[in-house]
Amino acid sequence: MAEPFRNDKFPVRLADGHEVESVYYGSGTLCISSQAGCAVGCPFCASGKSGLLRNLSVEEMQLQVDEAGRRGHRPRRITLSGIGEPLHNPAAVARFITLSATEGLPVSLTTTGHPLARLEEFLHLPHNGLMLSLHAGSSALHRRLVPHGADFEELWAVLERHWPLLSRRRRRKLGVNFLLLAGVNDGSAELQTLAERLRTFPELTLHLLTCNPVPASPFASPPDEAVAEIHARLAGQGINVRRPNPWRVRLEGGCGTLLLRRGARP
Ligand code: SF4
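First, a word on scope: everything that follows refers to the structure included in this document. All values derive from a computational prediction rather than experimental measurement. (Residues numbered from 1 in each chain as written. Predicted model: local features only at pLDDT ≥ 70, side-chain atom pairs only at ≥ 80, totals over all residues. Heavy atoms only, no water.)

**Remarks on the packing of helix 1 (residues 58-70) against helix 2 (residues 90-102)**
- The interhelical angle for the contact between helix 1 and helix 2, taken along N-to-C directions, is 50 degrees, at an axis separation of 9 Å. Relative to helix 2, the element helix 1 is oriented oblique. As for the relative orientation of helix 1 and helix 2, their crossing is right-handed in sense. For the pair formed by helix 1 and helix 2, the contact residues are V58, M61, Q62 and V65 on the first element and A92, V93, R95, F96 and L99 on the second. (Axes fitted to C-alpha atoms, helices over the stretch in contact; angles between N-to-C directions. Helix = DSSP H or I, 4+ residues; strand = E, 2+ residues; numbered from the N terminus. Parallel < 35°, antiparallel > 145°, perpendicular 65-115°, else oblique. Left-handed = near helix turned anticlockwise from the far one by under 90°. Contact = heavy atoms within 4.5 Å.)

Right, dumping it as structure tokens:
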């Protein structure tokens with residue numbers, strides 16, 4: 001049995017033989033998967049390389065929580081940020097969020113925002129955080145990095161429409177994920193375009209992420225000094241921005257590399 005309070009990445013085998021992976025962070029957050037495979041096709045992601053295999057049921061999401069318990073962990077919060085696009089499995093994910101919330105286990109999720117109609121519903125669910133994975137400041141780059149995600153302009157339009165309907169506390173639960181990719185989206189023009197959009201949503205948190213190394217992938221994150229400079233520049237402009245969590249990379253956590261060793265790693 002794993003020691004409690006330590007970082008731990010573990011596979012969970014489903015009844016039909018598919019496997020997903022979950023990551024327990026010693027801080028008390030358990031990251032679980034909502035699908036086997038993924039249909040979004042982000043080019044930097046190894047987890048979704050084979051496309052979508054199938055959706056997970058509520059019980060299969062709970063199985064990952066139970067497995068964490070069997071390994072000696074006591075998660076205090078859950079994030080649906082593992083393999084899969086949660087909004088492509090909306091009924092099971094919504095039910096899992098609601099059930100967990102009633103049991104005192106708050107659930108956050110990471111999503112590309114596709115489909116937008118589901119995003120509009122999920123903004124108002126009792127989630128503990130909803131992170132929009134955009135990775136771009138412009139529509140053209142967003143289309144390249146999140147190919148089967150939501151339309152970039154329409155996504156911002158949804159946020160604008162729902163912003164006045166959300167309390168300040170709920171607005172603070174929303175964020176934008178930006179995976180820094182050297183030479184792709186880390187230029188000042190791209191980041192400046194995003195910064196200008198974010199100014200309209202002052203409570204929105206920008207989470208900078210660094211890339212999990214994937215062998216044979218052309219994508220890599222900029223060096224630490226460049227990441228620190230980007231963070232300082234955005235913070236200096238009044239953007240509510242967070243530094244990357246180094247454990248996400250050290251553990252190969254996050255949807256980019258889960259199941260890499262047994263699945264997509266070349
Ligand atoms: S990064 Fe996430 S949303 Fe994109 S393909 Fe991978 S699992 Fe899907």
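**Overview of the side chain of N89**
- Mapped onto the elements, N89 comes out in the loop between strand 6 (77-80) and helix 2.
- A polar contact of 2.8 Å, which involves the side chain of N89, links it to the backbone oxygen of L56.
- Non-local contacts of N89, meaning those with residues more than four positions away in its chain, are made with S34, Q35, N55, L56 and M61. (Polar contact = N/O pair within 3.5 Å; in protein donor to acceptor, adjacent residues only side chain to side chain.)

**Some thoughts on the nonpolar core**
- By size, the foremost hydrophobic cluster in this structure holds 57 residues, and its most contacted members are L80, F96, L119, F122, W156, L204 and L206.
- Not counting residues within four places of it along the chain, the set of residues in contact with W156 comprises L134, V176, L194, R197, L198, F201 and L204. (Core = buried A, V, L, I, M, F, W, Y, C linked by side-chain atoms within 4.5 Å. Buried < 20%, exposed > 50% of the residue type's maximum accessible area, 1.4 Å probe, protein only.)

**A closer look at the sheet that holds strand 3 (residues 29-31)**
- Pairing is mixed in the open sheet, where nine strands are placed in the order 1-2-3-6-7-8-9-10-11. On the outer flanks of this sheet lie strand 1 (8-13) and strand 11 (241-242), each paired with one strand and no other.
- Two strands pair when backbone bridges link them, and strand 9 (residues 174-180) and strand 10 (residues 205-210) are joined in this way by six bridges, in the parallel orientation. Bridge pairing links L179 to L209 in strand 10.
- Across the sheet, helix 8 (residues 224-236) lies against strand 9, strand 10 and strand 11, angled at about 175 degrees from strand 10, the strand it touches most. (Pairing = 2+ DSSP bridges.)

**What to know about helix 8**
- Taking 1.5 Å per residue as the helical rise, helix 8 with its 13 residues ought to reach 18 Å, and the 18 Å between its terminal C-alpha atoms agrees with that figure.
- Among the residues of helix 8, those classed as buried are V227, I230, H231 and L234. Seen from one end, helix 8 has its buried residues packed into an arc of 100 degrees, which puts them on one side. In helix 8, the exposed positions that point more than 90 degrees away from the buried face belong to E225 and G236.
- Looking at the packing, one finds that the buried side of helix 8 touches strand 9, helix 7 (188-198), strand 10 and strand 11.
- With its phi angle positive at about 85 degrees, G238 sits one or two positions after the end of helix 8. (Expected span 1.5 Å × (residues − 1). Arc of directions from axis to C-beta.)

**Observations regarding helix 1**
- With 13 residues, helix 1 should reach 18 Å at 1.5 Å per residue; the first-to-last C-alpha distance of 18 Å fits that figure.
- Within helix 1, the full set of buried residues consists of V58, E60, M61, Q64, V65, E67 and A68.
- The elements touched by buried residues of helix 1 are strand 1, strand 2 (19-25), strand 3, strand 5 (52-55), strand 6 and helix 2.
- Directly after helix 1, the chain includes G72, whose backbone phi takes a positive value near 95 degrees.

**Observations concerning the pattern of salt bridges**
- This structure, assessed with the given rule, holds 13 salt bridges.
- Across the pair R71 and D8 runs a salt bridge, and its minimum N-O distance is 2.7 Å. With R71 in the loop between helix 1 and strand 6 and D8 in strand 1, the pair connects residues that are 63 residues apart, well separated along the chain.
- Residue R71 is classed as partly exposed on the basis of its relative accessible area, which comes to 24%.
- The class of D8 is buried, set by a relative accessible area of 5%.
- Here R13 makes a salt bridge to E19, at a shortest N to O gap of 3.9 Å.
- Residue class for R13 comes out exposed when judged on its relative accessible area of 56%. (Salt bridge = Lys/Arg side-chain N within 4 Å of Asp/Glu carboxyl O.)

**Let's talk about the packing of aromatic side chains**
- Applying the stated criterion across every chain yields a total of four aromatic pairs.
- Note on W156 and F201: the rings are 5.6 Å apart at their centroids and 35 degrees apart in plane angle, and the pair reads as tilted. Of the two residues, W156 is situated in helix 5 (residues 152-162) and F201 in the loop between helix 7 and strand 10; the sequence distance between them amounts to 45 residues.
- For F201, a relative accessible area of 3% corresponds to the buried category.
- A ring pair is formed by W163 and F201, whose centres lie 5.0 Å apart and whose planes are at 85 degrees; its orientation type is edge-to-face. Of this pair, W163 sits in the loop between helix 5 and helix 6 (168-171) while F201 sits in the loop between helix 7 and strand 10, placing them 38 residues apart in sequence.
- Every member of this aromatic cluster is reached through a ring pair, and the members are F152, W156, W163 and F201. (Phe/Tyr/Trp six-rings, centres within 6.5 Å; stacked < 30°, edge-to-face > 60°.)

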